[in-house]
Amino acid sequence: MGNKPIETEEEVDRNSFDFISVIGKGGFGKVWKVRYKKNFQEFAMKEMSKALVIEKNCLSSILYERDLLSNFRHPFIINMIFSFQDNDNLYLVMNLVTGGDMRYQLTKNHTFPENQSKFLIACLVLGIEAIHANDIIHRDIKPENLVLDSKGYLKITDFGIAKKKDNQNLSENSGTPGYMAPEVMNYQNHSFTADYYAIGIICYELMMGVRPYTGENKNVIKEKILAKQVMIKAHEIPNGWSKEAADFINNLIQRKPTSRLGCKGINQIKQHSWFEDINWKDLYNMKIEAPFIPLEEDNYDVEYCNKEDVIDSSMREKLEKIKSSNEYINGFKNYTYFNFFEQSNLIKEFINPHKIYEETNKEIIKPINNENLNDINTQNHKKIKIPELSPECRELIKYNLFGTNISKLN
Ligand SMILES: Nc1ncnc2c1ncn2[C@@H]1O[C@H](COP(=O)(O)OP(=O)(O)OP(=O)(O)O)[C@@H](O)[C@H]1O
Ligand SMILES: [Mg+2]
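On a predicted model such as this, the values are computed, not experimentally measured, just so you know.

Each value, and the rule that gives it
- Residues numbered from 1 in each chain as written.
- Chains lettered and ligands numbered in written order.
- Predicted model: local features only at pLDDT ≥ 70, side-chain atom pairs only at ≥ 80, totals over all residues.
- Helix = DSSP H or I, 4+ residues; strand = E, 2+ residues; numbered from the N terminus.
- Buried ≥ 20, exposed ≤ 12 C-beta atoms within 10 Å, placed from the backbone.
- Pairing = 2+ DSSP bridges.
- Near = placed C-beta within 6 Å.
- Nonpolar A, V, L, I, M, F, W, Y, C, P; charged D, E, K, R; others polar.
- Domains from an automatic or database assignment.
- Axes fitted to C-alpha atoms, helices over the stretch in contact; angles between N-to-C directions.
- Parallel < 35°, antiparallel > 145°, perpendicular 65-115°, else oblique.
- Contact = placed C-beta atoms within 7 Å.
- pLDDT = per-residue confidence, 0-100.

**Some thoughts on the overall build of the protein chain**
Regarding its fold elements, the protein chain presents 16 helices and twelve strands. For the protein chain, the residues scored as buried account for 37% of the 410 residues in total.

**Comments concerning unusual backbone geometry**
The phi torsion at aspartate 135 lies on the positive side, around 70°, for a residue other than glycine. Relative to the helices and strands, aspartate 135 is located in the loop between helix H4 (114–133) and strand E6 (136–137).

**Observations concerning the pairing of strand E2 (residues 30–36)**
Counting buried residues along E2, six of its seven residues qualify, which places the element largely inside the surrounding structure. The antiparallel hairpin formed by strand E1 (residues 17–25) and E2 contains four residues in its connecting segment, where glycine 29 sits at a positive phi of about 160°. Bridge count between E2 and strand E3 (residues 42–49): five bridges; the pairing is antiparallel. Its bridge partner being in E3, tryptophan 32 is matched across the sheet by methionine 45.

**Describing the site of ligand 1**
Around ligand 1, the surrounding shell holds 21 residues, and the nearest of these are Gly24, Gly26, Gly27, Asp158 and Gly160. Mapped onto the shell around ligand 1, the elements with two or more residues apiece are E1, E3 and strand E5 (89–95). The element contributing the most residues to the shell around ligand 1 is E1, with three residues. Within the shell around ligand 1, the residues separate by chemical class into nine nonpolar, seven polar and five charged. Mapping the shell around ligand 1 onto the domain boundaries places at least three of its residues in each of domain 1 (1–98 + 299–338) and domain 2 (102–284).

**Description of the pairing of E1**
One ladder, built from seven bridges, connects E1 with E2; its direction is antiparallel. Across the sheet, valine 22 pairs through a bridge with tryptophan 32, a residue of E2.

**What to know about the packing of H4 against helix H6 (residues 193–208)**
At a minimum axis distance of 11 Å, the contact between H4 and H6 shows a crossing angle of 170°. Classified by the angle their axes make, H4 and H6 are roughly antiparallel. Note on element contacts: H6 touches H4 through Asp195, Ile199, Cys203, Leu206 and Met207, opposite Ser117, Ile121, Leu124, Val125 and Ile128. Here the residues of the contact of H4 with H6 are counted per class, giving eight nonpolar, one polar and one charged.

**Some words on the confidence of the model for the protein chain**
Summing up the model confidence of the protein chain, the mean pLDDT is 82 and the portion of residues at 70 or higher is 79%. Put simply, strand E12 (residues 383–385) is where the protein chain has its lowest mean pLDDT, 37, and helix H8 (residues 243–252) is where it has its highest, 98. Taken together, the stretch residues 1–10 has pLDDT below 50 and engages in 20 contacts with residues farther than four places along the chain or on a different chain. Contacts of residues 350–390 to residues separated by more than four positions or lying in other chains number 42 contacts, the stretch itself having pLDDT below 50.

**Topic: the sheet that holds strand E10 (residues 337–338)**
The strand order across the open sheet formed by six strands is E1-E2-E3-E5-E4-E10, and the pairing between neighbours is antiparallel. Each having just a single partner strand, E1 and E10 make up the two edges of the open sheet. The pairing of E3 with E5 spans seven bridges and is antiparallel. Paired with lysine 46 across the bridge in E5 is leucine 92.

Below you can see the structure in the form of structure tokens.
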């Protein structure tokens, strides 16, 4: 944790991207598949209406989401590349994953067999472990927020309501009812075990096809949770699923957080007999072939994503008014973020000396220094434009291209 935000308003804005299609829908706007014009790389871009953020009283959590995403670097957590803003919207540019979210795949596939479920849940456990290691509770673990990459690996996204673990301040009621732990529903202090409950609910859904406690609203679900502790009995285990899986789920969906698997630390979860055949190190290094590979197609509901939300006139008026508030004018000042480490990787790909060497008919490339970083003319007269860079980034690229160990600079 701890990268410094770098001001980049001049360097990255909406016009730096081609908008290809809408691939998701969020609470404050659309998620787009975009192409960065400078190197043609594709990204996911979450667009959020600033006025809606203020109207829904979510300013601090949206700023916190940006903060968290810019600091996590983990194979099973979505990476943020940069964030910027214009008068109306905030933009989060993230790595694009193309396998669809788990909800989409669940609706399409109906159920994942045990080996596929175990693989996905194991990725989820490692992602959650990293989040908790930073003292953060995600609080919105659900199939919609778990996206699959083209190789079938799972990544956690949407830190919209994540929170630093804090014994004083955790009595608020956030999350999605079907996956919300009972202690969260009851406005009690909650901790990492609230995320473990959600893992249990998802795993139950993967096994049984429905959630253990269902209902049309939070109160109905709450009543069902209060009425009885759901347990998968031996005779209810579907064909092809093991009793270890049922035991794993039964221990995670415990209503009492102190009886829940993981209450003594996440190793309790990793060491459960269901995961006996999981090599955690190989999984982290993505050396295991995923048992389910998403099809190479549009893995999202095109009709749903493109449906415009209707805003009635009174709401439109309210949002317009918000635009002159102090919160709107001053609240988003620190949102813009430019990760020069990521940027240097983008540039590296673009001006990779070996690539240029090949492209330019084996011309020997002279060392690139600070003075000619902005414009490089290759032998075939292809002009490569390098974006304006921060001094740190220039330094990094210079050393990088000269083969100096980057870690020395960190
Ligand atoms: N990096 C990504 N690559 C591909 N698809 C993504 C990515 N990030 C999000 N999506 C898709 O967009 C949907 C909405 O994104 P997200 O969950 O971040 O928004 P949200 O639910 O509105 O968040 P918030 O709670 O902050 O409002 C996800 O469910 C997922 O299908
Ligand atoms: Mg979401």
